[in-house]
Structures are given as structure tokens and as C-alpha cells.
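# Topology and contacts: notes
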Amino acid sequence: MTESNETPNTVEQGDESKHRRIKSFVMRAGRMTEGQQKGLEQGTPLFVLPLADAPVDYDQVFGRSAPRSLEIGFGMGHSLLEMAAAAPEQDFIGVEVHRPGVGALLNGVLTQGLTNLRVYDCDAIEVLNRCIADNSLDRLMLFFPDPWHKSRHHKRRIVQASFAELVRSKLKVGGVLHMATDWEPYAEYMLEVMNVAPGYRNLAEDGKCVPRPAERPVTKFERRGERLGHGVWDLKFEKVD
């Protein structure tokens, strides 16, 4: 996951409240490996989509009609690549601005010969607003977003009421917003936001978190956390209207 995601709200600077467009990320510099550079050079023309000014016809992009998932902030792309390889009957769209991560994913797509994955290398909020038609996604995934631990930074969290409403508008009825975090206070915060968001139903039997879904791959980051005694909390909310 890209190190931070910010929701498109007002940001306070000093004593003044200044309105400006907030991106869903903070850009991080990173070194590029040979494989990542190869992925960018060879994979970009084939698999990276440009921002559009109108909703995109993904049936045309993928050459078929299929269940479609979008992941915001796929990081180095390991999970997204594994999901796409495991479900060739589904289509996947990933959004990430971290160039080494985009390159790594594209290199994997080329190496494995996948055809069911496309990428945006720009702001996820822009992608949702400009490229994704309403009522079109079967699933939206947000795995391990930056929790912005300090209280004064909570306004920078991507999971806000406005984000929940934007995602709901893009999901089909019955579509699922799947979130995961390794920080329990952030899981509790996401529950607070989503429990009052209109048009959703929590899929957890206890109204809290679901057991780790089999379709979400376990990352190296997660395995390391498990060895250290850290947990992971998965939340699934279904669009009901």
C-alpha cells in the first residue's frame, strides 16, 4: 500500500481553513530495480490506463464482461498480482502512484502473461470520480492504508464519510467494500465511519470484523506482523441500495 492516503476534504493549515483538492496519496521517492524499470518500459503501453474525462467502458478495455474489482494503493503489487493470477475469470484494476510498485506489478503481469489486470498510476480519487461508472464495480479493496496515528492527522485518513459515499456510488448493489488494517484502533475507526454510512451492510456476523477472507493473499508484511504478535482486521461492507 502507498504510505498514505488522504481523503478529499478540507485541510486546515495554521489558523486558516484552506480549501484545495486533496490527493489520495503522498508521493514517496524510491529506487528502481532493473525488473521494475523493465515493467514500466514494456508494460505501460499495454496495461496502464490514462485518466479519462468520462466513465470508461471496461468491457471494451478487457474485451469481455466479467466481475470487476478495483484495489486502491496496491503497494508493490504482490497481493493484486496473486489475486489476478488465481481468478482469471475476473478482471482487476489497480491504482498506485509509487513508481517502483507500479513497475514491479507490471513486470509480474508480463512475466506471468496475465491479461485480466489494468493499472492507473495516478490519484485514486480522480480515478473513481472520472473513470469509474456508477454502479459498475463488484468489489473495491483497500488494504493496509496509512492509519495516520496522531489525532490531528485523522482528517488525512482516506476512510471518511465522503469516501464511503463515493465508493458506494461506484459499487453495484451487492458489491463489497473490503478493507484491511494491521492497527486495531484504525479498524475501530473504520467501523465507526462505515456503521453510519448509508446504504451499506456489515457482512461480519458480530457486526465488527470478518475472519481473514481466503481471497485476500497473506503478504510478507502480514506474515512478519504475525510473528511479532500483530493482528490483522478485515472489514467487509456490502452495498444494499
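Residues numbered from 1 in each chain as written. Predicted model: local features only at pLDDT ≥ 70, side-chain atom pairs only at ≥ 80, totals over all residues. Heavy atoms only, no water.

## Considering the side chain of Asp91
Among the secondary structure elements, Asp91 is positioned in strand β4 (residues 91-95). A distance of 2.6 Å separates polar atoms of two side chains, one belonging to Asp91 and the other to Arg64. Within the local environment of Asp91, its side chain forms a polar contact with the side chain of Arg68, the two groups lying 2.9 Å apart. If sequence neighbours within four positions are ignored, Asp91 has contacts with Phe62, Arg64, Ala66, Pro67, Arg68, Ser69 and Asn116. (Helix = DSSP H or I, 4+ residues; strand = E, 2+ residues; numbered from the N terminus. Polar contact = N/O pair within 3.5 Å; in protein donor to acceptor, adjacent residues only side chain to side chain. Contact = heavy atoms within 4.5 Å.)

## Things to note about the UniProt feature "binding site: substrate" (unreviewed entry) in the protein chain
Annotation from UniProt places "binding site: substrate" (unreviewed entry) at Lys150, Asp182, Thr219, Lys220, Phe221 and Glu222. Take Lys150: it is sitting in the loop between β6 (137-143) and α6 (161-170). Its place among the elements puts Thr219 in the loop between β8 (200-202) and α8 (220-227). (UniProt positions renumbered as here; feature names shortened; annotations may be inferred.)

## Let's talk about the UniProt feature "binding site: S-adenosyl-L-methionine" (unreviewed entry) in the protein chain
Within this structure's numbering, the places UniProt gives as "binding site: S-adenosyl-L-methionine" (unreviewed entry) are Glu71, Glu96, Asp123 and Asp146. Counting through the fold element by element, Asp123 comes out in the loop between β5 (117-120) and α5 (124-130). The class for Asp123 is buried, based on a relative accessible area of 6%. At a separation of 3.3 Å, a polar atom in the side chain of Asp123 contacts the main-chain amide nitrogen of Ile125. On the basis of relative accessibility, which here comes to 17%, the residue Asp146 falls in the buried class. Of note is the side chain of Asp146, whose polar atom sits 2.8 Å from the backbone nitrogen of Trp148. (Buried < 20%, exposed > 50% of the residue type's maximum accessible area, 1.4 Å probe, protein only.)

## Side note on the packing of helix α1 (residues 34-47) against helix α4 (residues 99-112)
The N-to-C vectors of α1 and α4 enclose an angle of 70 degrees; their axes lie 7 Å apart at closest approach. Judged on the interaxial angle alone, α4 and α1 are roughly perpendicular. Residues Gly35, Gln36, Lys38, Gly39, Leu40, Gln42, Gly43, Thr44, Leu46 and Phe47 of α1 touch α4, and the partners they reach there are Arg99, Pro100, Val102, Gly103, Ala104, Leu106, Asn107, Val109 and Leu110. (Axes fitted to C-alpha atoms, helices over the stretch in contact; angles between N-to-C directions. Parallel < 35°, antiparallel > 145°, perpendicular 65-115°, else oblique.)

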